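Residue-level listing of the chains:
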Amino acid sequence: MFSKFDNSLSRRDWLKLSSLGALSLPVSGWLNVLAARAAGPSQPKAKHKSCILLFMEGGPSHIDTFDPKPGNSSSEIKPISTAVPGMQISEHFPKLAMKMKDMALLRGMSTGEGSHGRARYYMHTGYRGGVGGVIHPSMGAVASNFLGRETDELPNFVSIGDRSYGAGYAGPLHAPVEVARAAAGIENLHVPDTMPAFDKRTRLLDQMEKAFVDRMQIPSLEAHRATYQRASALMHSPKSKAFDISNEPDALREAYGRNAFGEGCLLARRLVEQGVTFVEVQLGKWDTHTNNAKRVQALSEQVDPAMSTLLTDLKQRGMLDSTLVIWMGEFGRTPKVGKQGGRDHYPKAWTSVMAGGGLKLGQAVGRTDKEGGTVEEGKVTAVDFMATVCKALGIDYTKELHTPAGRPMRVVDKGEKPVAELF
Amino acid sequence: MRDFWKKTLFAGLCLASVALVWAADEGGVIQRFEKADKNGDGKITLAELTALTENAKRAQKLFDRFDKDGNGSVTKAELKAGAQAMMAAKAETMKKPDKNPAVKPEPEKSEPSKTDAIKSAAATDQRHSTRNPIAAAAAIDHEINLELTKAMVPASPVASDSEFIRRLSLDLRGRIPSVSETQAFLKDTGSDKRRKLIDEYLADEEYGEHFAIIWYHRIAKPDDDNMRALVKNELQPWLADGFNQNRGWDGIVKDILTATGDREHSPATTFWLSAVNDAKLGQPDPAKATAAASRLFMGVRLECCQCHNHPFTELKQTDFWGTAAFFAQTHAKGATQKAAKANATPDVFEQAGVGGKRKKKGETADKTPPAPFGSVAIPFEEGKTVHATFLGGKEPDVKGQSTLRPIFAEWLTASTNPYFARAAVNKLWANFFGRGIVDPIDDMQADSPNTHPRLLSFLADEFAASKYDQKHLIRCICNSHVYQRSSQPTPENKSDDVLYSKMPLKIMTADMLYDSLATALGHQVAEAERRGKGMAGKKQQGGPRQEFRKFFHAESDDDAGIVADYSHGVPQVLRLMNAKQINDTSTTVANLMQTETKPDKIIAGLYATVLSREPTPAEITQAKKFIATDKDAANAYGDLMWALLNTSEFLFNH
């Protein structure tokens, strides 16, 4: 009977939407209710954890970043010591080396998907794509689904970079707000004329909308109304300034790095500070089939200041324990450098990093062999990884969600073993 | 009065008519009830009803219908509710000259084409059906109304002409009608004008272009693996031509499933290029092709049993691989990442004994030995091969054959195939009503809810009998009263989602929104693009349309081709509200202010432009009040149009 509600906008979502109060409001001003709320005293800070995912698109070489192998003759970097005795990382990460007590390395990643698209999907969702005809929600959408607040004027999931990994069957409420360039902020947040003019025409829209909604009495229309409310509230909200990094002190901007990734990390901190649940920041071009050494160095020199400053910044603001920071690609790269001076895709053994989030840090979990080619200890599959992220954020990953076709689907697939050493 | 209905009864008209006449006026119901209630106990028993109707069999049927709780007697309330439901359902049928709705349509009596539009449709129409869509429309109404009566849900009244033209234009051409089209239709006083409009839109090139957009995106689903083989969209114009020439659906699907040659000269190969599952290898994957073919053309999600037997249905893993075996020797040249960089046009061919590297670096090697001709090896399940088998278990004789796809295509498109027509009909139905008769539309398993099984079978038979004539099927649906119902609910049918008591609301797809905004805002570029010389205008893949589509597109959109629910998030809404390029109202407002001087007329013009209807007196008052607050009239009218464009009434197809 309610099959319609089970689709992209679930019945549950609809109930949440109506709990915004849109349904019970008097004739005028529904569009500005949230705006009024936004302009008022700010809501209490989120009690749940937040997550910043630094996604290294293309697949960074583990050997040339966080799992150096001096014994591997193809290795083109020198390892350096870190704040944790016995743990070494790439020489291009001097600042991160000093932050090692706030980080944990998962050196036993072994995920089995070697094609970019499918591997990205797999690492973002914990499910293999294109099988079973279902589009799975990405990590950010899962976090938004379980931890997000519907009544906040800020979105729950923001994706900064070229592409985003969407909500899949979790529905449009949990889809990311996309920011192509951090420095430019969110698109179309500002009116072409003035806010009073905008308010004037939205009042007219209010009146028109009311008549049609009353006549039709369809939940979808309430969703339209609620989304306009949220957009309008965001436009009015002082919190929308979170999207504007230009007010940050010059010294801090320099520390993060004046490039797209550094600015993305800074924006991520600003958003999490205002209660956004999940922010993904992308850094591309890690697909180093050619000219591996130089390219990895250049990319590392962006990661090192941005990520280390992010950890420092979060810590100074007392947010590090409640914010999980993840650094990962879709796979690692081959232990051997090929003829073209590059490394190829390698999902069999690689490294991801977790920081903050109240985890047990300052350790390396798992170990690869001398060449960095096989996992000898502490193997972590894509499913294990997804379960670890969920556990760190306090999400019950054994819960089932329902696909539009009504098929029950666990948040994380069965057979999961979250990395015990972190908890 | 009583004599009249008794006579009607004996004349043997259908049951619903009896109830209708019985219930012709609400007050009369009670009066007649009291007459029937011989013993005056407030209930009618079967015996009392039989005495009244003097026909035991009919009395029994009638009684069963009204006695909802099955306690052997009909109370006043039961009678009233039942009669109301029947009355509403029947009201529409009675308006037609054809009093006796035929369940089986008959061939149309030769009726010469009246307008140029129809003539031109017939000229290009490859299979202008001789079957009668009006009779089939009546059959649709009959089946739908039967279920409504059973459920005692009254139908909403007939849609107004404004509602109708807007809905039909969106459904058949993918955009709102222009203001002049709307005004001409509203002025037309012909009693046959809705039927004519359906024919006119079917003859419009935009019809084929619109359905080509839908099917292109269902077939070509770019991902990281196949995107380089799909960089050029040659399929969409090919599909548009097929739809506009009204080729049989069987022919189009056969071309797709057996396609060979390079993409430029054989655009149907796009289906196989979309099945490429590794950019480096550039080979169509039989598993990916099987999932797509079964979903698109059979209404079955075979991929659910790719790895294991389906937990909820009869489908087995071997059903999936039995179909995949037909596709296992389809290969491609020039579909790799490397070839794409060298600007090669990919080429699809079918040949036995051609092997491809299927192992990816860093992955466990697939040690599966190659399967013999006519079989496919299940990857990573050593030694497990499956013969080419039709879904349902029959194995074709492949001896002496060199290609397998034609065997599958022949089987699939045969008039006796249990999947083909039903899947097509169900998908097309969903296009108009936002949901399939079986829902979900691509998962037509025995246990999927089927709200109107007889109707689905009837339409599938009609489609097959018309030689898979899509325009005919659309005429059948759009001429029905069910399609022409208002979307506005009544208190009694408010909660009905599945019985078609009213037209469901569907949010515009990204493409519909793009073309409708262009129509309302008078974007010349879009107009030129649509009317592009000698080509299907909507084919351009790059440019603003693609960007817009990417931004507004709902992920679930492509497979279903329907988006019933609201699919926009905050970024989309921010763009609709604040992006100058998509709500620049100046052209439309300036034009209107030039031709009209009276505020009432300008306001009416804006309503007709955006919502395809006239404003109500209250809306005119409201708008005038708003205009008066602004010294700059053009600015105020611009704001009014902005508000209209942001209403859900604009955003939804209703």
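The structure presented is a predicted model; accordingly, all values stated were derived computationally and were not measured.

With that settled, consider the overall build of chain A. A tally of regular secondary structure across chain A gives 11 helices and 16 strands. Split into buried and exposed, the 423 residues of chain A put 62% on the buried side.

Residues and elements named next belong to chain A. Overall, mixed pairing links the eight strands, which are arranged E6-E5-E7-E1-E8-E11-E4-E12 in an open sheet. A single partner strand is all that each edge strand has here, and the edge strands are strand E6 (177–179) and strand E12 (363–365). In this sheet, neighbouring strand axes are inclined to one another by 15° on average, regardless of whether the strands run parallel or antiparallel. In this structure, strand E4 (residues 103–109) lies alongside strand E11 (residues 350–356), joined through five bridges in antiparallel fashion. From the neighbouring strand, Met103 faces E11, where its bridge partner is Ala355. Taken strand by strand, helix H4 (residues 116–125) contacts strand E1 (50–56), E4, strand E7 (278–283), strand E8 (323–329) and E11, and its axis lies near 165° from that of E1. Of the strands in this sheet, E1, E4, E8 and E11 touch helix H11 (residues 382–393), which is tilted by about 165° from E8.

The next subject is the packing of aromatic side chains. Where two aromatic rings form a pair, the distance of their centres and the angle of their planes describe that pair. All names here are of chain B. Tallying each qualifying case throughout the model produces 34 aromatic pairs over all chains. Where Phe433 meets Tyr483, the ring centres are 6.2 Å apart and the plane angle is 85°; that geometry is what we call edge-to-face. Of the two residues, Phe433 is situated in helix H20 (residues 420–433) and Tyr483 in the loop between helix H22 (470–478) and strand E8 (506–507); the sequence distance between them amounts to 50 residues. The residues Phe433 and Tyr483 share a single accessibility class, namely buried. Relative to Tyr500, the ring of Phe433 has its centre 5.2 Å away and its plane inclined at 70°; by these criteria the two rings are edge-to-face. Residue Phe433 is located in helix H20, and its partner Tyr500 is located in the loop between H22 and E8; the two are separated by 67 residues in the primary sequence.

All names here are of chain A. Looking at where Ser308 falls in the secondary structure, it is placed in helix H10 (residues 292–316). Reaching out from Ser308, the side chain makes a polar contact with the backbone oxygen of Asp304 at a distance of 2.6 Å. When neighbours within four sequence positions are excluded, Ser308 is seen to be in contact with Lys95, Leu96, Lys99 and Val303.

Next up on the list: the sheet that holds strand E3 (residues 261–262) of chain B. Residue and element names in this part refer to chain B. Spatially, E3-E5-E4 is the arrangement adopted by the three strands of the open sheet, whose pairing is antiparallel. Every other strand in the sheet has two partners, leaving E3 and strand E4 (330–333) as the edge strands with one partner each. The pairing of E3 with strand E5 (residues 347–350) spans two bridges and is classified as antiparallel. Across the sheet, the residue bridging to Gly261 is Val348, located in E5.

Residues and elements named next belong to chain A. In terms of burial, E11 is largely enclosed, as seven of its seven residues are buried. Strand direction decides the pairing type here: E8 and E11, joined by four bridges, are antiparallel. Opposite Val325, over in E11, you have Ala355 as the bridge partner.

A separate point is the nonpolar core. Judged by nonpolar contacts, the single largest core of 112 residues is most densely connected at Leu54(A) and Val303(A). The residues touching Leu54(A), leaving out its near neighbours within four places in the chain, are Phe261(A), Cys265(A), Val281(A), Met307(A), Leu310(A), Val325(A), Ile326(A), Trp327(A) and Met328(A). With 105 residues, the next largest nonpolar core counts Ala259(B), Ala268(B), Val386(B) and Ala423(B) among its residues.

Turning next to the confidence of the model for chain A. Of all residues in chain A, 87% have pLDDT values of 70 or greater, and the mean over the chain is 86. In the model, residues 32–46 of chain A has pLDDT below 50 throughout and makes 28 contacts with residues more than four positions away in sequence or in other chains.

It is common to report an interface's size as the accessible area lost on association of the parts. Taken together, the 68 residues of chain A in the interface contact 61 residues of chain B. Notably, a salt bridge pairs Arg118(A) with Asp225(B), separated by 3.0 Å at the nearest N-O pair. Put simply, the parts of the chain that give the side of chain A that touches chain B at least two residues each are H4, E6, helix H6 (195–216), helix H7 (219–236) and strand E10 (345–346) of chain A. Element by element, the count of residues in the side of chain A that touches chain B is highest for H6(A), at 13 residues. Residues that form the side of chain A that touches chain B fall into these classes: 31 nonpolar, 22 polar and 15 charged.

Here we take up the pattern of salt bridges. Enumeration over the complete set of coordinates arrives at 52 salt bridges over all chains. A salt bridge links Asp384(A) to Lys417(A), with the shortest nitrogen-to-oxygen separation between them at 3.9 Å. On the criterion of sequence distance, the pair formed by Asp384(A) in helix H11 and Lys417(A) in the segment after strand E16 (408–410) is long-range, its members being 33 residues apart. Asp384(A) gets classed as buried once you look at its relative accessible area, which sits at 2%. The exposed category is assigned to Lys417(A), whose relative accessible area is 54%. One salt bridge in this structure joins Asp161(B) and Lys193(B), with 2.7 Å as the shortest N-O distance. Separated by 32 residues along the polypeptide, Asp161(B) in helix H9 (residues 161–173) and Lys193(B) in helix H11 (residues 193–203) bring together distant segments of the chain. Judged by relative accessible area, which is 9%, Lys193(B) ranks as buried.

The rules behind each value
Residues numbered from 1 in each chain as written. Chains lettered and ligands numbered in written order. Predicted model: local features only at pLDDT ≥ 70, side-chain atom pairs only at ≥ 80, totals over all residues. Heavy atoms only, no water. Helix = DSSP H or I, 4+ residues; strand = E, 2+ residues; numbered from the N terminus. Buried < 20%, exposed > 50% of the residue type's maximum accessible area, 1.4 Å probe, protein only. Pairing = 2+ DSSP bridges. Axes fitted to C-alpha atoms, helices over the stretch in contact; angles between N-to-C directions. Contact = heavy atoms within 4.5 Å. Phe/Tyr/Trp six-rings, centres within 6.5 Å; stacked < 30°, edge-to-face > 60°. Polar contact = N/O pair within 3.5 Å; in protein donor to acceptor, adjacent residues only side chain to side chain. Core = buried A, V, L, I, M, F, W, Y, C linked by side-chain atoms within 4.5 Å. pLDDT = per-residue confidence, 0-100. Salt bridge = Lys/Arg side-chain N within 4 Å of Asp/Glu carboxyl O. Nonpolar A, V, L, I, M, F, W, Y, C, P; charged D, E, K, R; others polar.

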